[in-house]
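Results of the structural survey
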Amino acid sequence: MMPNVTRGDRMPGLVSYLVGGGRHNEHTEPHLVAGDHALMAWYDDAELSVDNAKAIARHLDRPRTAMGVEVKGGHVWHASLSLRAEEGIRTDQEWAAIAQDFVSAMGFDDNDGTKAPCRWVAIRHGLSQAGNDHVHIAVNLVREDGTKASTHLDYQRAQNAARALEVKYGLEQLESTKGERATRGYSPAEQSRVEERSALMAQRKYEQHAARIGGEQPEWHRLDPKERQARITAEVRLNAPRNDLARSVRAAAGASENEAEFVRRLRRSGVLVRPRFAEGTTDVITGYSVATRPTKGDRPIWYGGGQMGRDLTLPRLREGWPDTPTGATDAAAEWQAAGRGRRPVAPGREMREPDPELWQRHTEEVGQLREQLRSIPLDDRDTWSTVARQTAAAFAAWSNAVEETPGDLAEASDALAKSAQTYRRPVKRQRAGRVAMSGATMLLASVARGGQGTAAQLAMLRQLMNLSQAVYDAAKAAGEARQAANVEAAVRERVMNVRRQLEAMPAPAAAMSTTAPTSTATATPPKVDRSAIVDASVQEALDKMQRAEEQRNKTTGSPVPPQVEPARPRTTTKPGADRGPER
């Protein structure tokens, strides 16, 4: 369950939107499912009208307007609780219980009898455009007695309440919370640009596919709308500018032996680079931003490392490179040259063609890394997030080298990168396989400029598939079923497509002899406790829901709203002849 919390100061506007047709006319049969006792006594589950929306907003706003209380940041607290489309549709009764428990967990009811309750309402108006069942909850933060409800850490409390609801009602648990990882979302403007670009890419790929297979194929605009939308949706993630930049950064970082080389490789890939200096200095770099080269007349759109991925912040990237005074000085010089648009200070190995004989050596090293990882517990989150990041970097470098538009290799990289998006930095530095993976990523980044042919690439691909299988085993053992399914699809479908294409290409006889032996044996994964992990904050929300439910069962709410006394006008007293110190 995903809670989305917003604040505002216009209750009539919010309720009218929830009752209205929506931005894309997607709202159907808006009706109440829960609310304070007075509202539920006045309204049933019939469809609400515009007049009903105005009346509900006046009722909710009454404590604030009568007492003249102002709340910093807005008195209207709004949350939408949404389920994935795959979880199906819940009944009104189930949503009513969920909304009531959510309000209790947030402390907007009488807070175990210690405060006056807030007025609130829960409205349901059909599925979202993506097919997700959801409910909207609107709360007036001014309580019945004129006091203000606390919104301290309300975003975190809403997340804890959602995790408690997942446990109580048997909903699908959010894997990213249990795995302590998450990817970045998109702003509405960015999402709109991505969807527009994805529609063009989906049409181009469909037309190319139709021309390749021949025969009578329907034109793009004559396709079934559901099939056309499915093709566009499949392109959304691949064609986000932020994802393109993330793959470039990830590939450059994975192929580099130090920070200075990373800056040079990043610039060599064609992206714009801008360092962020510590305040008052020009040689202490604390972060960076990248952007694609804009078309003439446009301005570049910059993304910081943390905006592209939690594993792409500069402190996280530096964990994989040696920390020496000389290295810091060289890196600062390269960052300064990048910020000023000057040539690289000291070009390094990124300018040289790699020795073809390195393919066999690095392929064997990656195979040895896989054997070493067999002894790593599958619940060692720090190690496996590092392995996922390095494997994703290898696929990203390969994609940047050979794919004109993001394809199978790019999608495999994106799927594996999700396992690297951990909230916290590793407690200890994880350098397992850093040298082997750096060499492999460096070779794959140069595939388009030469190498030892398809046989060597196939050998490397098999070893990367073994590493991907290991990441899949770790995600599955940790109970992260959705992420495990994403990795499995990336390996079985996308990477296998690449393998078939390589096998179909003619390979030079000389290259065949360099194929390294690979081991495809899979270690038996150790048993890991997959039970739901309920931490103290989630347990506290569960206890609060239970107490509120017991209290509701003991008492019967009144259909008559509490009397709200208007605020008295303030009067000032001035000293006169009969009062004051001069009396």
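Predicted, not measured: the structure shown is a model, and the values here were computed from it.

This part covers the pattern of salt bridges. The tally for this structure, following the rule as stated, stands at 19 salt bridges. The shortest N-O distance in the salt bridge between E261 and R265 comes to 2.8 Å. Remark: R265 and E261 occur in helix α10 (residues 259-268); sequence separation between them is four residues, near one turn of the helix. You can call E261 buried: its relative accessible area is 2%. Within the structure, one salt-bridge network assembled from shared partners comprises E257, E261, R265 and R349.

Quick look at the side chain of S248 now. Structurally, S248 can be placed in helix α9 (residues 241-255). Look past the residues within four positions of S248 in its chain and what remains in contact with it is L266, S269, V271 and N400.

With that settled, the discussion passes to the nonpolar core. Side chains of a nonpolar character, in soluble globular proteins, are inclined to be buried together. Formed by 39 residues in total, the largest nonpolar core has its most connected members in M1, W77, L81, F102, F108 and I137. Secondary-structure elements contributing two or more residues to this core are β2 (31-35), β3 (76-82), α4 (92-105), β4 (120-124), β5 (134-140), α5 (154-169) and α21 (536-554). Top contributing element to this core by residue count: α4, with seven residues. Not counting residues up to four positions away in its chain, the partners in contact with M1 are L81, S82, L83, W95, I98, A162, R163, L165, E166, L171 and E172. Membership of the second largest hydrophobic core comes to 30 residues, among which are W398, L409, A474 and L502.

Spatial strand order, β6-β7-β8: three strands in an open sheet with antiparallel pairing. Only two strands of the sheet have a single partner each, and these edge strands are β6 (272-277) and β8 (303-304). Relative to strand β7 (residues 285-291), β6 runs antiparallel, the two sharing six bridges. Following the sheet pairing, P275 is matched in β7 by Y288. Packed onto the sheet, α9 meets β7 and β8 and runs at close to 125 degrees relative to β7. Each of β6 and β7 touches helix α13 (residues 325-340); the most contacted strand, β6, lies at about 120 degrees to it.

What counts, and at which threshold
- Residues numbered from 1 in each chain as written.
- Predicted model: local features only at pLDDT ≥ 70, side-chain atom pairs only at ≥ 80, totals over all residues.
- Heavy atoms only, no water.
- Salt bridge = Lys/Arg side-chain N within 4 Å of Asp/Glu carboxyl O.
- Helix = DSSP H or I, 4+ residues; strand = E, 2+ residues; numbered from the N terminus.
- Buried < 20%, exposed > 50% of the residue type's maximum accessible area, 1.4 Å probe, protein only.
- Contact = heavy atoms within 4.5 Å.
- Core = buried A, V, L, I, M, F, W, Y, C linked by side-chain atoms within 4.5 Å.
- Pairing = 2+ DSSP bridges.
- Axes fitted to C-alpha atoms, helices over the stretch in contact; angles between N-to-C directions.

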